[in-house]
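# Remarks on the overall topology
What follows is the residue order along each chain.
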Amino acid sequence: MNRISLRMFALGVCFCIALWAGLSYLLQMPVIPSPAQVALRLAAKFPETIAVHAGYSLMRIVLGLCAAVAVGYPTGVLMGHFPRVNCFFAPVLYLTYPVPKIALLPVVMLLFGVGETSKLILVFLIIVFQVVVAVRDAVAAIPSETYAPLRVLGASFFQIVRHIIVPASLPKFITAVRVAMATAISVLFFTETFGTQYGIGYYIMDAWLRVNYLDMYAGIVVLSAMGLLLFILLDWMERRLCAWNRT
């Protein structure tokens, strides 16, 4: 980020905190504590308690994301580049993609239990379809004449992927991951209320059931910060890997 972007980013964060503080002051209700109170509780409990829960949630998101990219990106490339592959997989994609992935939670838990595997599979399912569709459409939109120079030089399919398909599909791929990330975090929060004692979702719901609003808000702040960091990382990757795509 340049200085202007950092300044505007900081102003946006300050605006959110000021809005929160104003609501807390006007309502004077325990259910909306002040940002200062939550910050003190977060500083006290983060090193020994909240950090552990955040680590588990972050691990689940990263592992699910890596698995989704490892499966979804090559699948999208093959579907976008080879029409026959697309004709074969398109019906499967169109039948399964519209189904809300949270609706599959009971099935996934019945098949894989309520442990880590089911949580990772839900994150995987949320992201992989977005990746496949975005990469497939990006690859299919590449003009056929773009491949001609490399084919004349005798380039292999993997060289074509490296020099043409990957650069052309990266912007849409990163956008798809960015869109899917918010949904993945939301669903992960829900799944962490089942069969686990670790995770930000479990921590927030446990604090809510104990009517401990300071702990609850501390968990919400950490969950929000995790999402913010992941989005910042994706923005940084886009600036570094897709600098040519800037307008």
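Note that the structure is a prediction, hence the values are computed from the model and not measured. Throughout this description, residue numbers start from 1 for each chain and increase along the sequence as written. pLDDT decides what is reported in this predicted model: residues at 70 or higher carry local features, side-chain atom pairs at 80 or more are listed and counted, and totals for whole chains, interfaces and linings draw on all residues regardless. The side-chain figures draw on all heavy atoms in the structure; neither hydrogens nor water molecules are used.

## Looking at the overall build of the chain
- A run of H or I in DSSP counts as a helix once it spans at least four residues, and a run of E counts as a strand once it spans at least two, with each numbered from the N terminus. When helices and strands are tallied, the chain shows nine helices and zero strands.
- Listing each helix as α and each strand as β along the chain from the N terminus yields α-α-α-α-α-α-α-α-α.
- Taking the principal axes of the C-alpha coordinates as reference, the chain spans close to 70 × 50 × 30 Å.
- For every residue, the accessible area obtained with a 1.4 Å probe (protein chains only) is divided by the maximum for its type, and the residue is called buried under 20%, exposed over 50%, and partly exposed between those limits. A burial count over the chain gives 35% of its 247 residues as buried.
- Once local pairs closer than 6 in sequence are excluded, the contacts in the chain between residues at least 24 apart make up 75%.
- In this charge count, Lys and Arg are treated as positive and Asp and Glu as negative; neither His nor the chain ends contribute. To locate a charge, the coordinates of NZ of Lys, CZ of Arg, CG of Asp or CD of Glu are taken. Charged side chains in the chain number 17 positive and 9 negative. The centres of these two groups are separated by 8 Å. Only heavy atoms matter for contacts: two residues are in contact if any of them lie within 4.5 Å across the pair.

## Notes on the layout of surface pockets
- If you add up the space inside the largest pocket, you get close to 540 Å³.
- What lines the largest pocket is a set of 17 residues, and nearest its centre among them are Val13, Ile17, Val221, Ser224 and Ala225.
- Mapped onto the lining of the largest pocket, the elements with two or more residues apiece are α1 (3-27), α2 (35-81) and α9 (213-241).
- Broken down by element, the lining of the largest pocket gets its largest block of residues, eight residues, from α9.
- Amino acids outside the nonpolar list (Ala, Val, Leu, Ile, Met, Phe, Trp, Tyr, Cys, Pro) and the charged list (Asp, Glu, Lys, Arg) are all regarded as polar, and Gly is one of them. Looking at the lining of the largest pocket, its residues break down into 14 nonpolar, three polar and no charged. Points on a 1 Å grid, built from protein atoms alone, make a cavity when a 1.4 Å probe fits but cannot get out and make a pocket when they are open with protein on both sides within 12 Å along at least 5 of 7 lines; residues with an atom within 4 Å of a point are the lining residues. Grid points are joined across faces, edges and corners, and a volume is the space filled by probe spheres set on the points.

## Details of helix α8 (residues 200-209)
- Buried within α8 are the following residues: Ile200, Gly201, Tyr203, Ile204 and Ala207. When α8 is viewed along its axis, its buried side chains cluster within an angular range of 165° and face the same direction.
- At its buried positions, α8 is contacted by α2, α7 (157-191) and α9. It is the directions from the helix axis to the C-beta atoms whose arc is reported.

## With respect to the side chain of Thr196
- Along the chain, Thr196 turns up in the loop between α7 and α8.
- What qualifies as a polar contact is a pair of N or O atoms within 3.5 Å, subject to a donor-acceptor requirement within protein and to the restriction that residues adjacent in sequence count only when both atoms come from side chains. Side chain to side chain, Thr196 and Arg60 meet in a polar contact 3.3 Å long.
- Among the polar contacts listed, one links the side chain of Thr196 to the backbone oxygen of Tyr198, at a separation of 3.1 Å.

## Concerning the UniProt feature "domain: ABC transmembrane type-1" (unreviewed entry) in the chain
- Taken from the UniProt record, the annotation "domain: ABC transmembrane type-1" (unreviewed entry) applies to residues 54-234.
- Spanning residues 54-234, this segment combines 81% helix with 0% strand, and its end C-alpha atoms are found 19 Å apart. UniProt positions are given in the numbering used here, feature names are shortened, and annotations may be inferred rather than shown by experiment.

## Some words on helix α3 (residues 83-96)
- Expected span, for any helix, means 1.5 Å times one less than how many residues it has. The first and last C-alpha atoms of α3 sit 20 Å apart over 14 residues, in line with the 20 Å expected at 1.5 Å per residue.
- The angle between axes fitted to the seven-residue stretch ending at a residue and the seven-residue stretch beginning at it gives the bend at that residue. Maximal helix bending in α3 amounts to about 40°, located at Phe89; proline Pro91 follows within four positions.

## Section: the UniProt feature "transmembrane region" (unreviewed entry) in the chain
- Feature annotation in UniProt assigns "transmembrane region" (unreviewed entry) to the following positions: residues 57-80, 92-114, 120-142, 179-204 and 216-237.
- Annotated as residues 120-142, this span is 91% helix and 0% strand, and its ends, taken at the C-alpha atoms, are 33 Å apart.

## Digging into the packing of α7 against α9
- Their axes nearest at 10 Å, the elements α7 and α9 cross at an angle of 170°. It follows that α7 is roughly antiparallel to α9 by the angle criterion. Of α9, the residues touching α7 (which contributes Leu170, Pro171, Ile174, Thr175, Val177, Arg178, Met181, Ala182, Ile185 and Phe189) are Leu223, Gly227, Leu230, Phe231, Leu234, Asp235, Met237, Glu238 and Leu241.
- Of the residues contributing to the contact of α7 with α9, the split by class is 14 nonpolar, two polar and three charged. Axes, fitted as lines to C-alpha atoms, cover a helix only where it is in contact. Angles between the N-to-C directions of the axes lie from 0 to 180 degrees. Here roughly perpendicular refers to angles of 65 to 115 degrees, roughly parallel to angles under 35, roughly antiparallel to angles over 145, and oblique to all remaining angles.

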